[in-house]
Amino acid sequence: MRKTVSLILIFVMASSIVASFPAEMKVVDRTASVDDPAIFNITVENDYASQDRFRISSIQSPPVTSSWFDYEYSKTVEAGEKESFRLEVTPEENSIQQNYAFTANLRSFRNDESEELESFFTVKNKYDLKITSFQVSDNKVKPGDEIDISATVENTASDTVENFTVRVEGFNSTVDKKGAVLDRGDSIRYNFNLDVPDRRMPAEEKISLNVYKDGERTQSSSQTVEVEEVKNIERNTIEENMLLVKTEKVELKNTGNVKDEAKVEKTLPVYLDPLTDFEPEPEERTEGADQYYTWNVQLEPGESKQVSYTVSYVPAFGFVALLFLGVLGFKKLQTDLRISKNAEKRGGEIKVRLELQNNSSTSLIQLDVKDFVPDIAEVPQEFDMAKPVVKKTSTGTKLEWHIESLEPGEQRIFEYTVKPLVEVEGGVKLDPAKVLKNGERMKETDKVEVDFQPE
């Protein structure tokens, strides 16, 4: 019985000796990175009497590394010959830096024998702290916008990391945020805000994200945003009426970020041309029943300019004599009641202001002030001052204020808001406001030019 057991053991040992084929694994480069894989050579020897085919049947490794391996599947080896399999390991980006063990299983096709070879590789990254995401809310911005930036930083080192700073730079400003203590494989998300300066010129701007460890920059990333072109010229008209002198000013301001041009047009009766001074002189004059004046004003971003004209009724005595009746009537209109209409663009709205003043020595009673807004705009039913009677028609909106009495030297101011509904290139001339007494027109303003652009 003892002899039988011994024979069995000898048979089993002999079977185990011939149960596998000679194979070995040599390390060419054990260090693995995203750009430089680890390399191993697996050599198998066919010690059988005939040709055989050998294959790498599987690689056993941690689940996270399962997709990192690249190798030749099988090789045909002649009897007594050797062949080598090349095995490469390329880790994914942001892999944890440490050692990873693996087992390569080889198998013979013909004899169905197998061999296991064990080894390990080491993952190395260029940086311990890795920027895993960097997002900018919009790649096209306008002056005055706010940019939202989000970023995620991950610790890919094998140990805890602390004392680091995440910095965002752009538009000549810097925002820093201190890092927390990050264990191996942990990550942290940051949110930043950057303001686009007003009137920033159209151009591409680089937004940089940098990670600093112990005062030294360890990693950086950047994205480019485009500052778009913005054209906008604000225009404000001011009228000043004094005894025998009338001045109108058109104030222009370029609130965009590119050079722009504004066109100013004015019409006056032809007989007033000798009495009128301009600043600056108009570029074009067109004569007809009326005299037409045109200015083309060039404005740099942020620049303001003014166009004005002044009509003076204080000419030489001979000229005064010729126009005495006309000047006298005009003076009476100017001194009895003064009315002006101004319009100022504020964002997507237009603020209209009417000013009346009794320059006579007697009370003016039962006055009606009327104004009209065309149907290309709407009038919100909110008034900071006296509320008018509002009537909507098929062509626009009528506004009417009633004044029981306007004492000598007394002034009244009415204001309302206009919201443009459509964009009109070159702006719009708003109709004159009128003052009526007992149903008869007493005085009216000039038309007012204003940019017309909805929000």
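Since this is a predicted model, take the numbers as computed values, not measurements.

Draft legend 1. Up close: the overall build of the chain. Of regular secondary structure, the chain possesses three helices and 35 strands. Relative to its length of 455 residues, the chain is extended, with a C-alpha radius of gyration of 44 Å against a globular reference of 23 Å. Along the first, second and third principal axes, the C-alpha set of the chain runs to 155 × 45 × 45 Å. Burial statistics for the chain: of 455 residues in total, 39% are counted as buried. The long-range share in the chain, meaning contacts at least 24 apart out of those at least 6 apart in sequence, stands at 66%. Roughly 25,200 Å² of accessible area belongs to the chain as shown, and the carbon and sulfur atoms make up 46% of that amount. Averaged over its 57 positive side-chain charges, the chain has a centre that lies 3 Å from the centre of its 83 negative ones.

Draft legend 2. Representation of the nonpolar core within the structure. Judged by nonpolar contacts, the single largest core of 28 residues is most densely connected at Val352, Val369 and Tyr416. Counting only elements with at least two residues in this core, the list comes to strand E25 (337-346), strand E26 (349-358), strand E27 (364-374), strand E30 (396-406), strand E31 (411-420), strand E32 (424-430) and strand E35 (448-452). Setting aside residues no more than four positions away along its own chain, Val369 makes contact with Leu354, Leu356, Leu399, Glu400, Trp401, Ile403, Phe414, Lys434 and Val435.

Draft legend 3. Looking closely at the sheet that holds strand E20 (residues 260-269). Taken in spatial order, the three strands line up as E20-E23-E22 in an open sheet, and their pairing is antiparallel. Since the sheet does not close on itself, it has two edges, and those belong to E20 and strand E22 (284-287), each with one partner. When strand polarity is set aside, the average angle formed by the axes of neighbouring strands in this sheet is 15°. Inspection of the sheet shows E22 paired to strand E23 (residues 290-299) by four bridges, in the antiparallel sense. When the sheet's bridge partners are listed, Glu287 is paired in E23 with Gln291.

Draft legend 4. Local environment of the pairing of strand E33 (residues 434-437). Where E27 meets E33, four bridges bridge the pair, whose relative direction is antiparallel. Its bridge partner lying in E33, Val369 is registered against Val435. Taken together, the four bridges between E33 and strand E34 (residues 440-444) define a ladder with antiparallel strand orientation. Looking at E34, one finds that Val435 is bridged to Lys443.

Draft legend 5. The arrangement of the pattern of salt bridges in detail. Across all of its chains, the model carries 24 salt bridges by this definition. One salt bridge in this structure joins Asp446 and Lys266, with 3.7 Å as the shortest N-O distance. Placement of Asp446 in the loop between E34 and E35 and of Lys266 in strand E20 is noted, with a sequence separation of 180 residues between them. Look at Asp446 and you get partly exposed, because its relative accessible area is 22%. Among the residues examined, Lys266 registers a relative accessible area of 12% and is labelled buried. For Glu415, the salt bridge goes to Arg353, with nearest N and O atoms at 2.6 Å. With Glu415 in strand E31 and Arg353 in strand E26, this pair connects stretches of sequence that are 62 residues apart. If you follow the salt bridges from partner to partner, you end up with Arg235, Lys429, Glu449 and Asp451 in one network.

Cut-offs used in this document
- Residues numbered from 1 in each chain as written.
- Predicted model: local features only at pLDDT ≥ 70, side-chain atom pairs only at ≥ 80, totals over all residues.
- Heavy atoms only, no water.
- Helix = DSSP H or I, 4+ residues; strand = E, 2+ residues; numbered from the N terminus.
- Rg over C-alpha atoms; globule rule 2.2 N^0.38 Å.
- Buried < 20%, exposed > 50% of the residue type's maximum accessible area, 1.4 Å probe, protein only.
- Contact = heavy atoms within 4.5 Å.
- Areas by Shrake-Rupley, 256 points an atom, 1.4 Å probe, with all protein chains shown as cover.
- Lys, Arg positive; Asp, Glu negative; His and termini not counted.
- Charge placed at Lys NZ, Arg CZ, Asp CG, Glu CD.
- Core = buried A, V, L, I, M, F, W, Y, C linked by side-chain atoms within 4.5 Å.
- Pairing = 2+ DSSP bridges.
- Axes fitted to C-alpha atoms, helices over the stretch in contact; angles between N-to-C directions.
- Salt bridge = Lys/Arg side-chain N within 4 Å of Asp/Glu carboxyl O.

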